[in-house]
Amino acid sequence: MEFRQLEILASVADCGSLTAAAKRCNLSQPAISQQIQALEEEIGEPLLIRRARGVDLTAAGRTVLDYAGRLFAERDKLRDAFTDRRELRHGRVAFGIIPTIAPYLLPQWLGPFRERYPGISIAISESRTQELITLLVEGRIEFAILSDVPEHDRQKWSLKVKELFREPLLLAAPAKHPLALRKAPPTPADLNATELIHLKGGHCLSDRTLRLCKIREPDPGLQCDQLGTALSMVASGLGVTVVPKLATRNRAMDGIVLRPFSGKGMYRLIALMKRRDAKDTPAAAELLKQLSS
């Protein structure tokens, strides 16, 4: 049973004759008769009563047409729904983002998008890199914004990673700390395990910081869960930390001095991760377009 056959039956019923229906459907009368016959054979009952001046529906024909009307309505709703998705009147975007960038990137990125497309719902999963990879592979999110995706994970799960931007890493030190007071800019070698405040294991920012500073065994007493806590510890004079530049925007830094590092390499790469076989939904494509602009 095909929609076309049901549409032809509806035209025949509306026109009252095969000839008129053939003209409306831009088909020959034998083609109309053939389609009706095929539908009758599938149903197992005659659908039309052929009279000298036209045709009428049988009881079976009226039943088929009644169901056909509901199918046509649902088909139109489905088409309208996808038209709305294409034109961004409705839709949904589910994505993931790491905690060390979410609080700083989301307001400036999602705010304008929500104002422009209020009908698009957004579901955000804030988590660490490995957990985001799992969510992406399972199809629970469409993409992820993160940093430092291991090469073996890219290959194993067929992930596509695209660089969005490189974010400088800054030294955050108490105002009276020697690294805050000296004229020469700090270097990664200036930091040591006895005073480096760092995020707990699993945060890609912490892994990159320790790697750049060549610190293998950081002091477990100087670890925390959030960048905000790390900065508060710095302000309290408990040590120094390394923070992404975005995390310093619109934040009071009383008692803290921020300094860029000398040399190259003190940055983190912020990237977009997707499955290679995935295609963006219209809403996701527009959201990512605004992120890249």
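Just above, that's the structure.
Residues numbered from 1 in each chain as written. Predicted model: local features only at pLDDT ≥ 70, side-chain atom pairs only at ≥ 80, totals over all residues. Heavy atoms only, no water.

(A) Region of interest: the pairing of strand 1 (residues 48-51). Across four bridges, strand 1 lies against strand 2 (residues 54-57) in antiparallel orientation. The partner of Ile49 across the bridge, within strand 2, is Asp56. Taken together, strand 1 and the strand that follows it, strand 2, pair antiparallel across an intervening segment of two residues. (Pairing = 2+ DSSP bridges. Helix = DSSP H or I, 4+ residues; strand = E, 2+ residues; numbered from the N terminus.)

(B) Looking closely at empty space enclosed by the protein. Under the defined criterion, the tally for this structure stands at two cavities of 30 Å³ or more. Here the largest cavity is characterised by a volume of approximately 90 Å³. In this structure, the largest cavity is lined by Leu196, Ile197, His198, Leu199, Leu205, Ser206, Thr209, Leu210, Leu227, Ala230, Thr241 and Val242. Looking at the lining of the largest cavity, the elements with two or more residues in it are strand 7 (196-199), helix 9 (204-213), helix 10 (227-235) and strand 9 (240-244). Split by residue class, the lining of the largest cavity holds eight nonpolar, four polar and no charged. Estimates place the volume of the second largest cavity at around 30 Å³. Every residue lining the second largest cavity is listed: Ile98, Pro99, Thr100, Arg128, Thr129, Gly202, His203, Cys204 and Leu205. (1 Å grid on protein atoms, 1.4 Å probe; cavity = no way out; pocket = protein on both sides within 12 Å on 5 of 7 lines; lining within 4 Å. Points joined across faces, edges and corners; volume = space filled by probe spheres on them. Nonpolar A, V, L, I, M, F, W, Y, C, P; charged D, E, K, R; others polar.)

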